[in-house]
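# Results of the structural survey
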Amino acid sequence: MNPLLPLLRRLLPAALLLSGACAFAQTLATVEPGTLTIAFTGDMPGTGWQDGKMIGYDGEVLQHVADTLKLKVKPALMEWSGTIASVQARRVDLMAGTMGWTEQRSKIMLLSDPIHYFKNGITQVDKTSWTTLKDLEKKKVGTITGFSFIPELRKIPGLELSLYDTSDAAVRDMLAGRIDAVIGDPPVMQYAISRNPQWHLRFNAFTDNNPDFPLLTGLGQVVIGLNKDSPELLAAVNAEIAKLWQGCELKKIGTRYGLVQDVWYMPIGKNFRAGVDRPASWALPSCK
């Protein structure tokens, strides 16, 4: 017997697996062949770019997806207001950055399965402890241009709304006393507060469960957005997300960015997606 045969038999399955993964990557239609172009805002703990890799919670998930699919990541850093338009125009393959699922967004983009959950809330100075929609009546409130719950904020009696391009700009205005509160991405707000105790700020999740304000007070799902003409890429992304849920790897990633509570990984609340952009029998993933 050829002495190399046993070695070849051991190496062949791995080689076939690698070649299969490469072939699969080549069949995925991306903006640039062999490359995954990602639009993101750089707001931590969601997304960032460091040492040639995506970082942050969303960033690590997408870096894992790209590595598994043998795709090179091409970063496209931009303001939030430009991310969805870039996906729609197919200037990028997908977008990430603690984007919440909404029915409206599901009509203009393909949206991935959730990578974690959240409850919206009020970022404020630690001298107050607002937790309800009523607490925001007749207050000056800031949020980010393009956020899905803006129409709901406008329905709150007497609320004076200011729109900002970045979370940082909104928080700076609050610290300067120009606005009373900020309604921003919960992970971004909590991450910023935890790293800047000198700001003397707090984040309180809404205690309301008001069906007239589902985006502000309901269960939020953080998702990844793709172009409507990318069903194969969506399927590949969802397959990897499913594996991360099954192995509870998402919670391990979250721990590195302060997302340690069960609320980020347990879907407590109504499943708004069933029967909309998912089958009626579709269940939300979870991890304890």
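Higher on the page you've got the structure.
Computed from a prediction, not measured in an experiment: that's the story for all the values here. (Residues numbered from 1 in each chain as written. Predicted model: local features only at pLDDT ≥ 70, side-chain atom pairs only at ≥ 80, totals over all residues. Heavy atoms only, no water.)

## Considerations on the environment of Ile-253
Counting through the fold element by element, Ile-253 comes out in helix H10 (residues 249-255). The class of Ile-253 is buried, set by a relative accessible area of 7%. C-alpha of Ile-253 to C-alpha of Asp-58: the two residues are 195 residues apart in sequence and 9.2 Å apart in space. With residues up to four places along the chain from it excluded, the contact list for Ile-253 reads Tyr-57, Glu-60 and Val-61. (Helix = DSSP H or I, 4+ residues; strand = E, 2+ residues; numbered from the N terminus. Buried < 20%, exposed > 50% of the residue type's maximum accessible area, 1.4 Å probe, protein only. Contact = heavy atoms within 4.5 Å.)

## Describing the pattern of salt bridges
Inspection of every chain in the model, using the stated rule, returns twelve salt bridges. Here Asp-67 ties to Lys-53 by a salt bridge, and the two come within 4.0 Å at their closest N and O atoms. In this pair, Asp-67 sits in helix H2 (residues 57-68) while Lys-53 sits in strand E3 (residues 53-55), placing the two residues 14 residues apart along the sequence. Overall, the relative accessible area of 37% leaves Asp-67 in the partly exposed class. Each of Asp-113, Arg-273, Asp-277 and Arg-278 takes part in one network of salt bridges that share partners. (Salt bridge = Lys/Arg side-chain N within 4 Å of Asp/Glu carboxyl O.)

## Let's talk about helix H7 (residues 186-195)
An α-helical turn contains 3.6 residues, so a residue and the one three or four places further along point in the same direction. Restricting attention to buried positions, one finds in H7 the residues Pro-186, Pro-187, Val-188, Met-189, Tyr-191 and Ile-193. Of the surrounding elements, those touching the buried residues of H7 are strand E5 (94-100), strand E7 (116-118), strand E8 (121-125), helix H6 (167-175), strand E11 (181-182) and strand E12 (201-205).

## So, the nonpolar core
Ranked by size, the top nonpolar core spans 42 residues in total, and within it Met-95, Leu-136, Leu-153, Ile-183 and Leu-216 carry the most contacts. Take this core: its biggest share by element is four residues, from H6. Look past the residues within four positions of Leu-136 in its chain and what remains in contact with it is Ile-122, Val-141, Ile-156, Leu-159, Ala-181, Ile-183 and Phe-206. Among the nonpolar cores identified, the runner-up in size contains 41 residues, and Met-54, Leu-234, Ile-253 and Trp-282 belong to it. (Core = buried A, V, L, I, M, F, W, Y, C linked by side-chain atoms within 4.5 Å.)

## Re the state of the cysteines
Taken as a whole, this structure holds one disulfide when the rule is applied. One disulfide bridge connects Cys-248 with Cys-287, the sulfur atoms lying 1.5 Å from each other. Negative torsions about the S-S bond denote left-handed disulfides, and the value of about 50 degrees found for Cys-248 with Cys-287 makes this one right-handed. You can see Cys-248 sitting in the loop between helix H9 (231-246) and H10 and its partner Cys-287 sitting in the segment after H10, a full 39 residues away along the chain. (Disulfide = S-S within 2.5 Å.)

## Comments concerning the packing of aromatic side chains
In total, this model carries three aromatic pairs according to the counting rule given. An angle of 85 degrees between the planes, with centres 5.6 Å apart, marks the rings of Phe-147 and Phe-149 as edge-to-face. The same class applies to Phe-147 as to Phe-149, namely buried. An aromatic cluster is defined as three or more aromatic residues linked by ring pairs; in this entry it consists of Trp-80, Phe-147 and Phe-149. The ring of Phe-213 carries Lys-155 above its face, with NZ or CZ at 4.7 Å from the centroid. Residue placement shows Arg-278 over the ring face of Trp-282; its charged tip is 5.5 Å from the ring centre. (Phe/Tyr/Trp six-rings, centres within 6.5 Å; stacked < 30°, edge-to-face > 60°. Lys NZ or Arg CZ within 6 Å of the ring centre and 35° of its normal.)

## As for the pairing of strand E9 (residues 140-144)
Counting buried positions over the five residues of E9 gives four, a clear majority of the element. Bridge count for E9 against strand E10 (residues 160-164) is five bridges, and the pairing is parallel. If you follow Lys-140 over to E10, its bridge partner there is Glu-160. Here two bridges tie E9 to E11, and the two strands are oriented parallel to one another. Bridge pairing in E11 links Gly-142 to Val-182. (Pairing = 2+ DSSP bridges.)

## Some points on the environment of Trp-264
Mapped onto the elements of the fold, Trp-264 is located in the segment after H10. The buried category is assigned to Trp-264, whose relative accessible area is 4%. Remark: the alpha-carbon pair of Trp-264 and Leu-161, spanning 103 residues in sequence, is separated by 28 Å. Contact partners of Trp-264, with chain neighbours within four places excluded, come to His-116, Tyr-117, Phe-118, Pro-186, Pro-187, Gln-190 and Leu-259.

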